[in-house]
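One-letter residues, chain by chain:
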There are 2 protein chains.
Amino acid sequence: VTRGSSATHPNLPDAVLVDGTAWREGLAGTPSALDRGLHFGDGLFETIACRGGRPRFAGLHLQRLTLGCERLGIALPPPTELRAEIELLAADREASLVKVIVTRGPATGRGYGARGDERPTRISLRYGWPPEDPRLQDEGVAVQLSEFRLGENAELAGLKHLSRLDLVLARRGLEAAGVDELLLFSSSGRLVSGSMTNVFLVEGGRLRTPRIDLCGVAGVMRRVVLRAAERAGLAVEEAALGREDLERAQEVFLTNARVGIWPVRRVHTRTLSPGPLTRRVQQLIAPSLEEATDG
Amino acid sequence: VTRGSSATHPNLPDAVLVDGTAWREGLAGTPSALDRGLHFGDGLFETIACRGGRPRFAGLHLQRLTLGCERLGIALPPPTELRAEIELLAADREASLVKVIVTRGPATGRGYGARGDERPTRISLRYGWPPEDPRLQDEGVAVQLSEFRLGENAELAGLKHLSRLDLVLARRGLEAAGVDELLLFSSSGRLVSGSMTNVFLVEGGRLRTPRIDLCGVAGVMRRVVLRAAERAGLAVEEAALGREDLERAQEVFLTNARVGIWPVRRVHTRTLSPGPLTRRVQQLIAPSLEEATDG
């Protein structure tokens, strides 16, 4: 195995394992045509940033995956096996993204309901690290408010599950809007997140982020930021936030396991500057981004 | 090809075609590990009841699939090809269910957003006709109100899409409740549907069914009933309905492409009798259920 810096194709994985077997299109290690992940979006995933040949925040990713499997009643593959597979894929590259999908497995019956005797499917994919513009972390990103409304569902909230057609559709507006990210609201008007990021507001010296009780993904970097801020003695709050909270915010930033923190420099037509609390949080988490800590 | 009455295993398909190639587990016609149906629930499906070796309401199913592909921006496989494949699978069995999945296809990039250059995947599966209790259509079914709340999303409403984790979870309550079907409400309290049926209420000689603008699937049998009722001069209404409408209803019935119409004989603790309008509608659609009409 060679240790290169990029994948064969920047957008497609250069290694795929299906239940531990190397996948070759139509030949080996192929998913079942009966898989409930394919039929119903019945499963979970993680996208893990790997630097220096090591997965970053592997502990937090596996913890979320474990919790998700418990909530969905999916038999989790042994975490040590999962971790070994992630580490194996990460080790070959200086920088990569390893995506792990765990589905409930091939259907053992017809229809939506699970029967309980399914055996989960595990798919691990390694992607090259996408090109990134360092200015986004320094100068910030432009965001637009999406007209798309995410559905509210307490039993799905927080999970990084496979039923993601809502985000697929929400993303359609991104290119048209000519911005770096979209901010999404739920059907009842709550601020939820970006399309691939969580969102934090700064107001009166306090960090605020949407509570994830009805909608949204409990992002790993969101958790890292919350933890780092609490340890540093900053005031943090998870709350039901609306458009008026966004408008009142002095600073806004976005989080994502790959990019870390993106300060927001423009929301719709309103211009912001990356402020002191955003910079403080960037500094707080910087060491953990560089060291490929376990989380 | 033999014309038998049942599949090899009652719960699993006895024939699967992936892009027209017969699927053999791990060997041939296997789905791609990159398929966006698997990664994001990015696709649609139809379950078509086939009787006498012919698909029933094939026209309506293909029409919904076509509309769904248009709304999602998925390149629809040629409808004549799809229809030929469904008819081929149906022809071998006296009674079967043919499920057709169309996904956006293998990902051509990373992340939620589609790039527009994907080529769709088509998976067709033939299942045996499940055993059914004829009393359910005569005497009616018992239903329970689910505590589960479906998310509201105008852009997904009506579509029979693959992001179905909500219904997978909602179905968990069915066995525990010891009933035949669950009635589901949306996050804002609207009556939506059953977990695998649409719902109709009868009030003051009028048929009422939830409007599908924020939530729910636009069922083929729902459409058949609406059309037959209108042709027969019955008063019908699609409206935003709530729990109080359900409680006021003199009759309640459920629709599904396979079962036709299930009168409801009990809602939670309230006992109902299959009433005159339910019986009238059952008579109206009976011919189309027997003849395997094209819809």
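By convention here, each chain's residues receive numbers from 1 onward along its written sequence. Note on labels: chains are lettered from A, ligands numbered from 1, in written order. Restriction of local features to residues with pLDDT of at least 70 applies here, the model being predicted, together with a cutoff of 80 or more for giving and counting side-chain atom pairs; totals for whole chains, interfaces and linings are based on all residues. Remark: hydrogens and water are excluded; side-chain values derive from all non-hydrogen atoms of the structure.

On to the relation of the copies chain B and chain A, then. The copies are overlaid by a least-squares fit using only the C-alpha atoms of residues whose pLDDT is at least 70 in both copies. Of the transformation superimposing chain B on chain A, the axial component is 0.0 Å and the angular component is 180 degrees, with the fit at an RMSD of 0.0 Å. With respect to symmetry, the two chain copies, as superposed, fit the operation of a two-fold axis. Contacts: residue pairs with any heavy atoms within 4.5 Å of one another. When the interface residues of chain B are mapped onto chain A, 100% of them are again interface residues, pointing to one common binding face.

Now for the sheet that holds strand β3 (residues 43-51) of chain B. Residue and element names in this part refer to chain B. Strand pairing is assigned whenever DSSP detects at least two bridges linking the two strands. Every helix listed is a DSSP run of H or I at least four residues long, and every strand listed is a run of E at least two residues long, numbered separately from the N terminus. If you walk across this open sheet you meet the six strands as β2-β1-β6-β5-β3-β4, and the pairing is antiparallel. Each end of this open sheet is capped by a strand with a single partner; those strands are β2 (21-22) and β4 (54-55). By the bridge criterion, eight bridges tie strand β5 (residues 95-103) to strand β6 (residues 121-128) in an arrangement that is antiparallel. Following the sheet pairing, Val 100 is matched in β6 by Ser 124. Helix axes are fitted to C-alpha atoms over the stretch in contact, other axes to C-alpha atoms as well, and angles between N-to-C directions run from 0 to 180 degrees. Against the sheet, helix α2 (residues 58-72) touches β3, β4 and β5, its axis set at about 180 degrees to β3.

Another aspect to go through is the pattern of salt bridges. Residues and elements named next belong to chain A. Should a side-chain nitrogen of Lys or Arg be within 4 Å of a carboxyl oxygen of Asp or Glu, the pair is scored as a salt bridge. Applying the stated criterion across every chain yields a total of 48 salt bridges over all chains. In this structure, the salt-bridge partner of Asp 14 is Arg 93, at a minimum N-O distance of 2.6 Å. Here Asp 14, found in the segment before β1 (15-18), pairs with Arg 93, found in the loop between α3 (79-91) and β5 (95-103); they are 79 residues apart in sequence, far enough to count as distant. For the salt bridge of Arg 222 with Glu 238, the shortest nitrogen-to-oxygen distance reads 2.7 Å. Taken together, the positions of Arg 222 in helix α6 (residues 220-231) and Glu 238 in strand β12 (residues 235-239) put the pair 16 residues apart, joining distant regions of the chain. Arg 222 gets classed as buried once you look at its relative accessible area, which sits at 6%. Summary of the burial criterion: residues with accessible area below 20% of their type's maximum are buried, those above 50% are exposed, and those between are partly exposed, where the area comes from a 1.4 Å probe applied to protein chains only. When its relative accessible area of 40% is taken as the criterion, Glu 238 is described as partly exposed. Linked through salt bridges whose partners overlap, the residues forming this network are Glu 203, Arg 206, Arg 208, Glu 237, Asp 245 and Arg 248.

A few words now on the packing of α2(B) against helix α6 (residues 220-231) of chain B. When two helices pack together, their arrangement is given by the angle between the helix axes and by the axis-to-axis distance. All names here are of chain B. Closest axis-to-axis distance for the α2/α6 pair is 10 Å, and the angle between their directions is 115 degrees. For the pair α2 and α6, the crossing hand works out as right-handed. Contact residues: α2 offers Leu 60, His 61, Gln 63 and Arg 64, while α6 offers Val 220, Arg 223, Val 224 and Arg 227. Side-chain classes follow a simple rule in which Ala, Val, Leu, Ile, Met, Phe, Trp, Tyr, Cys and Pro form the nonpolar group, Asp, Glu, Lys and Arg form the charged group, and the remainder, Gly included, forms the polar group. Tallied by class, residues from the contact of α2 with α6 come to three nonpolar, two polar and three charged. In this scheme, a crossing is called left-handed if the near helix is turned counterclockwise away from the far one by less than a right angle; it is called right-handed if the turn is clockwise.

Residues and elements named next belong to chain A. Ordered by their spatial adjacency, six strands build an open sheet running β2-β1-β6-β5-β3-β4, and the pairing between neighbours is antiparallel. Every interior strand has two partners, whereas the edge strands, β2 (21-22) and β4 (54-55), have only one. On top of the sheet, α3 reaches β1, β3 (43-51), β4, β5 and β6 (121-128); it is set at about 20 degrees to β6, its chief contact.

Once that is clear, we can look at the interface of chain B and chain A. Counting from both sides, the interface comprises 67 residues of chain B and, opposite them, 67 residues of chain A. Buried area is calculated as the accessible area (1.4 Å probe) missing from two parts once they are joined, with the contributions of both summed. At the boundary of chain B with chain A, total buried surface from both sides reaches about 5,200 Å², with 61% on carbon and sulfur atoms. The largest share of the area that chain B buries against chain A comes from Leu38(B), Arg110(B) and Tyr112(B), three residues that together contribute 16% of it. If you look at where chain B meets chain A, you find two salt bridges. Between Glu155(A) and Arg172(B) there is a salt bridge, with its nearest N and O atoms 3.9 Å apart. Two N or O atoms form a polar contact when they lie within 3.5 Å of each other; inside protein one atom must be a possible hydrogen donor and the other a possible acceptor, and for residues adjacent in sequence the pair counts only when both atoms belong to side chains. For the interface between chain B and chain A, the tally reads 19 residue pairs in polar contact (both at pLDDT 80 or more).

The next thing to look at is helix α8 (residues 276-290) of chain B. Residue and element names in this part refer to chain B. The end-to-end C-alpha separation of α8 is 22 Å, in line with the 21 Å expected for 15 residues at 1.5 Å each. Along α8, the sharpest change in direction is near 35 degrees and occurs at Leu 284; proline Pro 287 comes one to four residues later. Along α8, the residues classified as buried are Leu 277, Thr 278, Val 281, Gln 282, Ile 285, Ser 288 and Leu 289. Its buried side turned inward, α8 meets α4 (135-138), β10 (198-203), β11 (206-210), α6, β13 (251-256) and β14 (260-267). Under the convention used throughout, the expected extent of a helix is 1.5 Å for every residue step, that is, one less than its residue count. A residue's bend is given by the angle between axes fitted to the 7 residues ending at it and the 7 residues starting at it.

All names here are of chain A. Across chain A, pLDDT averages 92, with 93% of residues at or above 70. In predicted models, pLDDT denotes the confidence assigned by the predictor to each residue on a 0 to 100 scale. Low pLDDT, under 50, characterises residues 1-7; the predicted model gives this stretch 17 contacts beyond four residues in sequence or across chains. Quick note on the complex model: pTM equals 0.94, ipTM equals 0.94.

Moving on to unusual backbone geometry. All names here are of chain A. For Asp 19, which is not glycine, the phi torsion reads 50 degrees and is therefore positive. The residue Asp 19 is located in the loop between β1 and β2 in this model. Despite not being glycine, Phe 57 shows a phi value in the positive range, around 60 degrees. With respect to the helices, strands and loops of the structure, Phe 57 is situated in the loop between β4 and α2 (58-72).

On to the packing of aromatic side chains, then. Within 6.5 Å between ring centres, the rings of Phe, Tyr and Trp (the latter by its six-membered ring) count as paired, and their orientation is classed by plane angle as stacked under 30 degrees, edge-to-face over 60, tilted in between. Summed over all chains, the structure comprises six aromatic pairs over all chains. Ring geometry for Tyr112(A) versus Phe45(B): centroids 6.4 Å apart, planes at 80 degrees, classification edge-to-face. On the criterion of chain membership, the pair formed by Tyr112(A) in the loop between β5 and β6 and Phe45(B) in strand β3 is interchain, its members lying in two chains. For Tyr112(A), a relative accessible area of 11% gives the class buried. Take Phe45(B): its relative accessible area is 3%, and that puts it in the buried class. Through successive ring pairs, a cluster of aromatic residues spans Phe40(A), Tyr112(A) and Phe45(B). The positively charged end of Arg110(A) is found above the aromatic ring belonging to Tyr127(B), 6.0 Å away from the centroid. Remark: a charge is flagged as sitting over a ring if the NZ atom of Lys or the CZ atom of Arg is within 6 Å of the ring centre and within 35 degrees of the ring normal. Geometry around Trp129(B) places Arg51(B) over its ring, the cationic atom sitting 4.3 Å from the centre.

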